[in-house]
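Notes for the structure review
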Amino acid sequence: MAVEATAPGKAILFGEHSVVYRGPAVVLAIDRRARVVAEKRGDDRIFFDALDLGFSGYFEGETYVPVQGEIQQGRRLQALLVSTRCTMEHLDLKSGLNLTVRSRIPIAAGLGSSAAICVATVAAVGELLGGGLSMEEVCDLAFEGEKVVHGTPSGVDNNISTYGGILRYERGKGIDRFELDSNLPFVIGNSRRRRSTRRLVSRVRALRERTPEIVEQVIEAMVQVSKSGLAALKDVNLHRLGDLMNVNHGLLVSLGVSIAKLDLMVHASRVAGAYGAKLTGAGGGGCMIALSDISNLENVSRAIRRCRGDPYIVNISYEGVKTRRVN
Ligand code: PMV
């Protein structure tokens, strides 16, 4: 018997970087999912097959033994290993496992790939071992893995992957989830450049320390954009949403977190008729997001492709983590 679990990735619509200081971030679960299949093994090894990501291997104690790919790639598996071990400890059950990881969420692109994989892993292992984990437990156990990769993550990514939908997140105020009645597709453009959130956050912090009198005001404007953006999203006011995305991109550019390729894709999307476009996530590479009429999604996608980006047409996914028994 094996258990398959899938969990969605995410895109930040408003509030990246400003959320580190104050105010809300608005985050969407997207219909690109990570999939993990868990099976018991006869021995006590935890074997990972992540050939989509270019590697497979197992841990002998703390030592990673690669089967395919480089030994350094074992570091990427640390989060999964921690999530898996925490799940077994939590359930007070132990077993050797084969974990097959497949994902349609590009890695290190700001689309929540690592959280989605951790959430799916916890859910699959929990179900396989008959633990009957609640959603809250899945979310918390995945967070243990996330901490290994990100140090002090906000908790947005594991929440959105667990519950799906739209989240409003504010530090110290927690997370609210909501849904829209209407379908609201977006086009995401991947610059194909990997980036580190940690580095970009510290770059903004350094700029703020050097020029607090300016950066504070930029952050304040971003906080306002995010609040107005949330209201526009709830009203499904596309023109207003687009305007606010454009303003938000300008503010992010002023903080130095964009790159030429993201700017190109953002401008090309607007020229192709998008209501608005902005980078999404930490910047420095990764992705941008554009809002467009359904009839114009292909045009925007073509514009992104012409800038040598990878376009993905995505819908908001209201389906959080899901498990099912296979064979
Ligand atoms: O890692 P990303 O690309 O999803 O960006 C995270 C959002 C930031 O505001 C830049 C950082 C944070 O911890 O909120």
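Just so it is clear, the structure is predicted and the values come from calculations on it, not from any experiment. (Residues numbered from 1 in each chain as written. Predicted model: local features only at pLDDT ≥ 70, side-chain atom pairs only at ≥ 80, totals over all residues. Heavy atoms only, no water.)

**Description of the nonpolar core**
By size, the foremost hydrophobic cluster in this structure holds 98 residues, and its most contacted members are L13, F186, I188 and L233. For this core, the leading source of residues is helix α3 (residues 113-128), giving 10 residues. Two domains each donate at least three residues to this core, and these are domain 1 (2-178 + 317-326) and domain 2 (186-314). With near-sequence residues (within four places) excluded, L13 lies in contact with V26, V27, L28, F186, L233, L241, M245, N248, K278 and I289. In terms of nonpolar packing, the next biggest core, distinct from the first, is built from 9 residues, A25, V156, I160 and Y169 among them. (Core = buried A, V, L, I, M, F, W, Y, C linked by side-chain atoms within 4.5 Å. Buried < 20%, exposed > 50% of the residue type's maximum accessible area, 1.4 Å probe, protein only. Helix = DSSP H or I, 4+ residues; strand = E, 2+ residues; numbered from the N terminus. Domains from an automatic or database assignment. Contact = heavy atoms within 4.5 Å.)

**Overview of unusual backbone geometry**
With phi around 70 degrees, H17 is a residue other than glycine that occupies positive phi space. Mapped onto the elements of the fold, H17 is located in the loop between β1 (2-14) and α1 (18-21). For H17, a relative accessible area of 5% gives the class buried. We note that R192 has phi near 70 degrees; this positive angle belongs to a residue other than glycine. Within the secondary structure layout, R192 lies in the loop between β9 (186-190) and α6 (197-210).

**Quick notes on the pairing of strand β2 (residues 25-41)**
Counting buried residues along β2, 12 of its 17 residues qualify, which places the element largely inside the surrounding structure. Alignment of β1 against β2, held across 12 bridges, turns out to be antiparallel. When the sheet's bridge partners are listed, F14 is paired in β2 with V26. Here β2 runs beside strand β7 (residues 166-170); their pairing, made up of 4 bridges, is antiparallel. Its bridge partner lying in β7, L28 is registered against I166. (Pairing = 2+ DSSP bridges.)

**Focus on the domain arrangement of the protein**
The domains assigned to the protein are domain 1 (2-178 + 317-326) and domain 2 (186-314). Centre-to-centre separation of domain 1 and domain 2, based on C-alpha positions: 25 Å. Each partner contributes to the interface: domain 1 provides 32 residues, whereas domain 2 provides 41 residues. Buried area between domain 1 and domain 2, both sides added, is near 2,900 Å², and the carbon and sulfur share of it is 66%. Sorting the residues of domain 1 by area buried against domain 2 places F14, H17 and Y21 first, and these three jointly supply 25% of that buried surface. Residues E216 and R22 are paired through a salt bridge, measuring 2.9 Å at the closest nitrogen-oxygen approach. Linking domain 1 with domain 2 are 9 residue pairs in polar contact (both at pLDDT 80 or more), by the criterion used here. At 6 residues, β2 tops the list of elements feeding residues into the side of domain 1 that touches domain 2. Of the residues belonging to the side of domain 1 that touches domain 2, the class tally is 19 nonpolar, 7 polar and 6 charged. (Buried area = accessible area lost by both parts, 1.4 Å probe. Salt bridge = Lys/Arg side-chain N within 4 Å of Asp/Glu carboxyl O. Polar contact = N/O pair within 3.5 Å; in protein donor to acceptor, adjacent residues only side chain to side chain. Nonpolar A, V, L, I, M, F, W, Y, C, P; charged D, E, K, R; others polar.)

**Details of the sheet that holds strand β12 (residues 310-314)**
In space, the 4 strands of this open sheet follow the order β10-β11-β9-β12, with antiparallel pairing throughout. One side of each edge strand has no neighbouring strand; the edge strands of this open sheet are β10 (276-280) and β12. Going across the sheet, the axis of each strand differs from the next one's by a mean of 25 degrees, ignoring polarity. The strands touched by helix α8 (residues 238-254) are β10 and β11 (287-291); relative to β10, the strand with the most contacts, the crossing angle is about 45 degrees. (Axes fitted to C-alpha atoms, helices over the stretch in contact; angles between N-to-C directions.)

**Topic: the site of the ligand**
Taken together, K10, I12, E16, H17, V19, V20, G110, R195, T197, V201, G281 and A282 make up the full set of residues near the ligand. Within the contact set of the ligand, an oxygen atom lies 2.8 Å away from a side-chain nitrogen or oxygen of R195. In the model, an oxygen atom of the ligand is placed 2.9 Å from a nitrogen or oxygen of the A282 main chain. Within the complex, the protein chains bury 87% of what would otherwise be the 380 Å² of accessible surface of the ligand. Listed by contribution, the elements that provide at least two residues to the shell around the ligand are β1, α1 and α6. When grouped by side-chain class, the residues that make up the shell around the ligand number 5 nonpolar, 4 polar and 3 charged. (Near = heavy atom within 4 Å. Areas by Shrake-Rupley, 256 points an atom, 1.4 Å probe, with all protein chains shown as cover.)

**Digging into the packing of aromatic side chains**
For the structure shown, the criterion picks out 3 aromatic pairs. Both rings, one in F48 and one in F59, keep their centres 6.1 Å apart while their planes meet at 85 degrees; by these two values the pair is edge-to-face. Highlighted residues: F48 in strand β3 (residues 46-50) and F59 in strand β4 (residues 55-60), separated in sequence by 11 residues. You can call F59 buried: its relative accessible area is 6%. Judged by centre distance (5.3 Å) and plane angle (50 degrees), the rings of F59 and Y64 are tilted. Residue F59 shares its accessibility class with Y64, and that shared class is buried. A cation over a ring is seen here: R32 above Y312, with NZ or CZ 4.1 Å from the ring centre. The side chain of R45 reaches across the aromatic face of Y58, ending 3.8 Å from its centre. (Phe/Tyr/Trp six-rings, centres within 6.5 Å; stacked < 30°, edge-to-face > 60°. Lys NZ or Arg CZ within 6 Å of the ring centre and 35° of its normal.)

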